[in-house]
Amino acid sequence: MDYNPRGKINGFTLKMIAIITMLIDHAAAAILERALNCYTFEVINQNRQAWVIVYYILRLIGRMAFPIFIYLLVEGFLYTRSAGKYALRLLVFAVISELPFDLAFSYANYWYDNYDGVHWYTHWIGLLAHQNVFWTLGIGMLAMWAMEALRTAFYEKEDNEKLRGLAWMMLRVLLQIVIAGIAMIAAYILRTDYGQFGVAAILVMYLLRNYRIIGLTLAIGVLSLQSNIEIISILMLLPVYFYNGERGKQMKYFFYGFYPVHLLVLTLIAAAIGLPIFAKF
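Here we come to the overall build of the chain. Looking only at helices and strands, one finds 11 helices and 2 strands in the chain. Overall, the chain shows an N-to-C arrangement of helices and strands of α-α-α-α-α-β-β-α-α-α-α-α-α. Classification of the 281 residues of the chain by burial places 46% in the buried group. The long-range fraction of contacts in the chain, counting pairs at least 24 apart against all pairs at least 6 apart in sequence, stands at 78%. As presented, the chain carries roughly 15,200 Å² of accessible surface, and 67% of it is formed by carbon and sulfur atoms.

Structure, rendered in structure tokens:
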């Protein structure tokens, strides 16, 4: 990947930008959205319109996080000593994070009754309706690993005489398209965060890894196909442009552990201020 040697932003700074904007986004989704949907929560109802504006501002800020995670994932894949261990680590934290994720965000199915107030119904199957972002990153990592293995395996064959080399290259491209399709279908079926668009964005960034600004721009464009508000994350091109390629302070497991821990904390805060967490039957 190309870097800006005169840039002042290192990998640690990029990660901090990502987790801070993610925290802002998740606070809005796990607490404020809950409060807005709970019509008996007087603090919100006293000035509901203003809180709705605050909610959307916070969610817009949160759009900044995922493109940085994509960029750092691809960079990590390119420089890791073991893509298999990297993918396993992502999937292990996907499992660890699933219950905190479900507790924070699985409350959304509700209906309002003027006589009885708000009733929250969450069927147990609903816990499987939306999976956390580690699953998306893990699937993307496995897809990159498979595509890179193909590229390596076909490298010498593609260097042969022109016609035969072209045939091998076309076969490799076809197989890589199949891998990308399988990964996107897996994300769609599992209903992971950002789904097939998230996996596609990861693979776009991987394929254009030598042109990081172009790659990230197109990756954000892919995310915008899912939701047009994702286009606001184009602002993240600025810190990525000034990224100098240096790792900075190493706190690898802090960043992994932050995800499930902050979701649990947000859920506990929501419960502490009287917002509904669990289903009532």
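The next subject is helix 1 (residues 11-37). In an α-helix there are 3.6 residues to a turn, and that puts residues three or four apart on one side. In this model, helix 1 (27 residues) spans 38 Å end to end at C-alpha, consistent with the 39 Å of a helix rising 1.5 Å per residue. Remark: the principal bend of helix 1, roughly 30°, maps to Ala29. Between the side-chain oxygen at the start of helix 1 and the backbone nitrogen of Phe12 there is a gap of 3.2 Å, and the oxygen is on Asn10.

What follows deals with helix 3 (residues 48-62). The end-to-end C-alpha distance of helix 3, which contains 15 residues, comes to 21 Å, matching closely the 21 Å that a straight helix rising 1.5 Å per residue would cover. All of the buried residues in helix 3 are Tyr55, Arg59 and Gly62. Down the axis of helix 3, the sector holding all buried residues measures 50°, keeping them to one side. In helix 3, the exposed positions that point more than 90 degrees away from the buried face belong to Gln49 and Tyr56. Residues of helix 3 that are buried make contact with helix 1 and helix 4 (65-79).

Quick look at the packing of aromatic side chains now. Considering all chains together, one arrives at 15 aromatic pairs under this definition. Ring pairs connect the aromatic residues Phe93, Phe134, Tyr253, Tyr256 and Tyr259, which therefore count as one cluster. In this structure, Arg209 packs its charged tip against the face of Tyr206, placed 4.6 Å from the ring centre.

What counts and how
- Residues numbered from 1 in each chain as written.
- Predicted model: local features only at pLDDT ≥ 70, side-chain atom pairs only at ≥ 80, totals over all residues.
- Heavy atoms only, no water.
- Helix = DSSP H or I, 4+ residues; strand = E, 2+ residues; numbered from the N terminus.
- Buried < 20%, exposed > 50% of the residue type's maximum accessible area, 1.4 Å probe, protein only.
- Contact = heavy atoms within 4.5 Å.
- Areas by Shrake-Rupley, 256 points an atom, 1.4 Å probe, with all protein chains shown as cover.
- Expected span 1.5 Å × (residues − 1).
- Bend = angle between axes of the 7 residues up to and from the residue.
- Polar contact = N/O pair within 3.5 Å; in protein donor to acceptor, adjacent residues only side chain to side chain.
- Arc of directions from axis to C-beta.
- Phe/Tyr/Trp six-rings, centres within 6.5 Å; stacked < 30°, edge-to-face > 60°.
- Lys NZ or Arg CZ within 6 Å of the ring centre and 35° of its normal.

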